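Okay, here's what each chain looks like letter by letter:
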Amino acid sequence: RRLKILVCGGGNGAHCMAGVAGSHAEIDVKILSLFEDEAERWSNILKSNFLTVYEPLVNGGHMEISTKPKLVTNDPEKAVEGVDIVFMVVPAFAHSQYITAIAPFIKPNTLIVGMPGQAGFEFQCINILGQKSSQLAIASFESLPWACRVDDFGKHVQLIGFKDVLGMSVVTGKDCKIPFPIVDTIQDIFGKKPAINLVQNYIAINLMAKSIIHPPLMYGHWSNWDGKPVRKKPLFYQGVDPKQANLLSKVSDECILTAKKIEKLRNDLKMKDVIHIFDWYKTYYHDEITDDSSLMMAMKTNAAYDGLLHPMKNVEGGFVPDFNYRYTREDIPYGLVVMKGIAELAGVPTPTMDEIITWAQNKLGKEYLVNGRLTGKDLKEARAPQSFGFKTLDELFNI
Ligand code: NAI
């Protein structure tokens, strides 16, 4: 039987996923985009064009895959009809819109994959899907398998780099039976890289979410900024300095402390995959990094990050940082705030996360954290366990 998949989204990751999956003759790919007129534009483009994934190779050559998705639509009913796997490939702030749209039409025994789920994905899916979630499975990847950028909407996406390994967790509802092997099927779609590492529980994946990377770098770079436009857009990863690397390292330490405490409190849980970000780079980007003598150097010499810049807005006299870009808008409410929430339930202090959240929430005009506690007026818009009424650690393991 042919595998039918739905890709939700219309950005970099969605283009790449649609192309990579579509390169398999036995897979039908549909795309759902609810953003503005994206579905209509993309659909029109595909009438006379292929979708091409372009992959530069280290030896200077390149690979190309050209495919045609079966359907691009903004109609959630048509999109989800007959589908075996739904891949959510949108920034986390768009998840609730997509889950809400497909909820009435999704059939039992469908697999929903957050790619990446980003922290709090499972809480949000279960909250929106309600009783239906017991008949579904929810998988979550810790990041996107690729670094990728669309360079011509609908037609052309650059696959800049692969991760070597990628963690995924699966929560299977008690009345759900997925009729295919989950890991093998997704691995076949991806190809050789990244190798999927099945992680024992979803809280580990939440603590592994790669949303920890951007906020410390943003905070480290801009917290003492004088507010004056800068002449050039600074390099984001290649520009990492010791202060930024140290902040990131400390946030990662706080995730590990939380994981260790959870393992101590609940000895049925394995949290060994929650590793330090430096070890993660060395393992997951092994082939891309040329100098792994420190976290800072590993980031600066990671080929998958070549040339990526700080998110900036054009203004008179130069550029100013865009604090509404997903590096803060996504990675605070659907990242650090969630990890902080899990740490709070585990009774682990997180001074560095608190410092960064306090600065970033101010830039976002939001309030999640008040005096080190997640009691802010905007907490409901975030995805901490506390945003959905979880009060104890044990409740997280009875979803
Ligand atoms: P993107 O920035 O390309 O996503 C843009 C798309 O999201 C739009 O085309 C639209 O379909 C949707 N969208 C944007 N604003 C929206 C809104 N207000 N309402 C509804 N939909 C909206 O994102 P990308 O690059 O595809 O990333 C997807 C996820 O993968 C994110 O969580 C990102 O952090 C993560 N990621 C991306 C990497 C990359 O290289 N692109 C690398 C690692 C992680």
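Residues numbered from 1 in each chain as written. Predicted model: local features only at pLDDT ≥ 70, side-chain atom pairs only at ≥ 80, totals over all residues.

Axis separation between helix α8 (residues 214-222) and helix α9 (residues 242-265) bottoms out at 8 Å; the angle between their running directions is 145°. Pair α8 / α9 crosses with right-handed handedness. Contacts from P216, L217, Y219, G220 and H221 in α8 reach K243, Q244, L247, L248 and V251 in α9. Among the residues making up the contact of α8 with α9, the classes are represented as six nonpolar, three polar and one charged. (Axes fitted to C-alpha atoms, helices over the stretch in contact; angles between N-to-C directions. Helix = DSSP H or I, 4+ residues; strand = E, 2+ residues; numbered from the N terminus. Left-handed = near helix turned anticlockwise from the far one by under 90°. Contact = placed C-beta atoms within 7 Å. Nonpolar A, V, L, I, M, F, W, Y, C, P; charged D, E, K, R; others polar.)

The ligand sits among 24 residues. The nearest are G10, G11, N12, G13 and F35. For the shell around the ligand, the secondary structure elements donating two or more residues are α1 (12-22) and β9 (146-152). Among the elements that take part in the shell around the ligand, α1 stands out by supplying three residues, more than any other. Partitioned by chemical class, the residues of the shell around the ligand number 12 nonpolar, nine polar and three charged. (Near = placed C-beta within 6 Å.)

Time to look at the sheet that holds strand β6 (residues 85-88). Read across the sheet, eight strands follow the order β5-β2-β1-β6-β7-β8-β11-β12 without closing on themselves; strand pairing throughout is mixed. The open sheet terminates on both sides in strands that have one partner only, identified here as β5 (71-73) and β12 (195-198). Sheet twist, expressed as the average angle between the axes of neighbouring strands with direction ignored, equals 25°. Note that β6 and strand β7 (residues 111-114) share four bridges and pair parallel. Residue pairing for β7: F87 is matched across the bridge by V113. Contacts from α1 reach β1 (3-8), β2 (27-32) and β6 within the one sheet, and its direction differs from that of β2 by about 165°. (Pairing = 2+ DSSP bridges.)

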